[in-house]
Amino acid sequence: MHLERHAEFSDSVAGYVSRDLRPAAGAAPGTGHAARAQLAGDLENGFLTLDESSNGVNITGTWNGEMAEGSCGKKVTGTWKDMSAAAPADAPEIPFTLEKIPGW
């Protein structure tokens, strides 16, 4: 994942997430996601909210997290939810942890 200050909205962030979409052994092929999806959202009062779009139009995922206490803003934990057309109505929230790369 790469995030930076949003070019149009200085209080927001934008970027992208890249991921390997090859199906796991025995999994059904195909998802509602692109290998590289756009991200846009806000980091406010220690909370990160991002909308993900695989096609630049529709929201295909949401990221909601908060800064980990004692991490000095270098670690965010939260959940990702599949919002794509291929997602089941009861899609689970998947836990994630983001850590800032040293030297960035």
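This text follows the structure it describes.
The shown structure was predicted, so the numbers you read here are calculated from the model rather than taken from an experiment. Positions within a chain are numbered from 1, following the residues in the order the chain's sequence is written. Whole-chain, interface and lining totals are the exception, using all residues; otherwise, since this is a predicted model, local features are given only for residues with pLDDT of at least 70 and side-chain atom pairs are given and counted only at 80 or more. Side-chain metrics rest on all non-hydrogen atoms present in the structure, leaving aside hydrogens and water.

Novice: Just give me the short version of the pattern of salt bridges, but keep the residues and values in it.
Specialist: Between Lys or Arg on one side and Asp or Glu on the other, a salt bridge is scored when a side-chain nitrogen of the former is within 4 Å of a carboxyl oxygen of the latter. Applying the stated criterion across every chain, the model contains one salt bridge. In this structure, Arg19 and Glu52 form a salt bridge, with 2.2 Å as the shortest nitrogen-oxygen distance. Taken as a pair, Arg19 in the loop between strand 2 (12-18) and strand 3 (36-44) and Glu52 in strand 4 (residues 47-53) lie far apart in primary sequence, 33 residues in all. Strands here mean DSSP runs of E at least two residues long; helices mean DSSP runs of H or I at least four residues long; both are numbered from the N terminus.

Novice: Any chance you could break down the packing of aromatic side chains for me, citing the residues and the numbers?
Specialist: Aromatic ring pairs are reported here in terms of the distance separating the ring centres and the angle at which the planes meet. Aromatic pairing here means that ring centres of Phe, Tyr or Trp (its six-membered ring) are within 6.5 Å. Orientation follows from the plane angle: under 30 degrees is stacked, over 60 is edge-to-face, and everything else is tilted. Throughout the structure, instances matching the rule amount to two aromatic pairs. Pairing Trp63 with Phe96 gives two aromatic rings, centres 5.0 Å apart and planes at 65 degrees, and the pair type is edge-to-face. In this pair, Trp63 sits in strand 5 (residues 61-67) while Phe96 sits in strand 7 (residues 93-99), placing the two residues 33 residues apart along the sequence. Buried means the residue's accessible area, taken with a 1.4 Å probe over protein chains only, is under 20% of the maximum for its type, while exposed means over 50%, and partly exposed covers the values in between. By relative accessible area, Trp63 is classed as buried at 8%. What makes Phe96 buried here is its relative accessible area of 9%. In our convention, an over-ring charge means Lys NZ or Arg CZ found within 6 Å of a ring centre and within 35 degrees of that ring's normal. Above the plane of the ring of Tyr16 lies Arg36, whose end atom (NZ or CZ) is 3.5 Å from the centre.

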